[in-house]
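The primary structure of each chain is shown beneath.
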Amino acid sequence: MKYINIGNEIKASSIALGCMRISDKPTKQVEELIDTALGEGINFFDHADIYGGGQNS
């Protein structure tokens, strides 16, 4: 995984996991998705408060 430095202290993965429709998924599926993302080195999650009416942030 490639990472991008944000300031001096934050290292974010160059790939983000978008969570726009995550609130439509069963909890087990969300857990598997996040575990897989973390396992692949993804540590940058797009979870804007507008997604899912705020239920997924």
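Residues numbered from 1 in each chain as written. Predicted model: local features only at pLDDT ≥ 70, side-chain atom pairs only at ≥ 80, totals over all residues. Heavy atoms only, no water.

Under an unreviewed UniProt entry, the name given to the chain is NADP-dependent oxidoreductase domain-containing protein, and the source organism is Caldanaerobacter subterraneus subsp. yonseiensis KB-1.

**With respect to the overall build of the chain**
Summing up its helical and strand segments, the chain has one helix and four strands in all. Buried positions account for 19% of the 57 residues belonging to the chain. (Helix = DSSP H or I, 4+ residues; strand = E, 2+ residues; numbered from the N terminus. Buried < 20%, exposed > 50% of the residue type's maximum accessible area, 1.4 Å probe, protein only.)

**Section: a nonpolar patch on the surface**
There is a patch of nonpolar side chains on the surface, built from Met1, Tyr3 and Ile15 and spanning about 280 Å² of accessible area. With relative accessibility at 38%, the residue tyrosine 3 sits in the partly exposed group. (Patch = residues over 30% accessible without salt bridge, like charges linked within 9 Å, V, L, I, M, F, W, Y side chains within 5 Å. Areas by Shrake-Rupley, 256 points an atom, 1.4 Å probe, with all protein chains shown as cover. Salt bridge = Lys/Arg side-chain N within 4 Å of Asp/Glu carboxyl O.)

**Topic: the pairing of strand 2 (residues 10-13)**
One ladder, built from four bridges, connects strand 1 (residues 3-6) with strand 2; its direction is antiparallel. Bridged to asparagine 5 within strand 2 is lysine 11. The antiparallel hairpin formed by strand 1 and strand 2 contains three residues in its connecting segment, where glycine 7 sits at a positive phi of about 70°. (Pairing = 2+ DSSP bridges.)

**A look at helix 1 (residues 27-39)**
If you check helix 1, its first and last C-alpha atoms are 18 Å apart, about what 13 residues at 1.5 Å a residue would give, namely 18 Å. Following helix 1 by one or two positions, glycine 41 adopts a phi angle in the positive range, close to 95°. (Expected span 1.5 Å × (residues − 1).)

**Things to note about the side chain of serine 13**
Positionally, serine 13 belongs in strand 2. The contacts of serine 13, once residues within four sequence positions are left out, are Met1, Lys2, Tyr3, Gly41, Ile42, Asn43 and Phe44. (Contact = heavy atoms within 4.5 Å.)

**Considering the environment of glycine 41**
Tracing the sequence through the fold places glycine 41 in the loop between helix 1 and strand 4 (44-46). Along the backbone, glycine 41 and serine 13 are 28 residues apart, and their C-alpha atoms lie at a distance of 6.9 Å.

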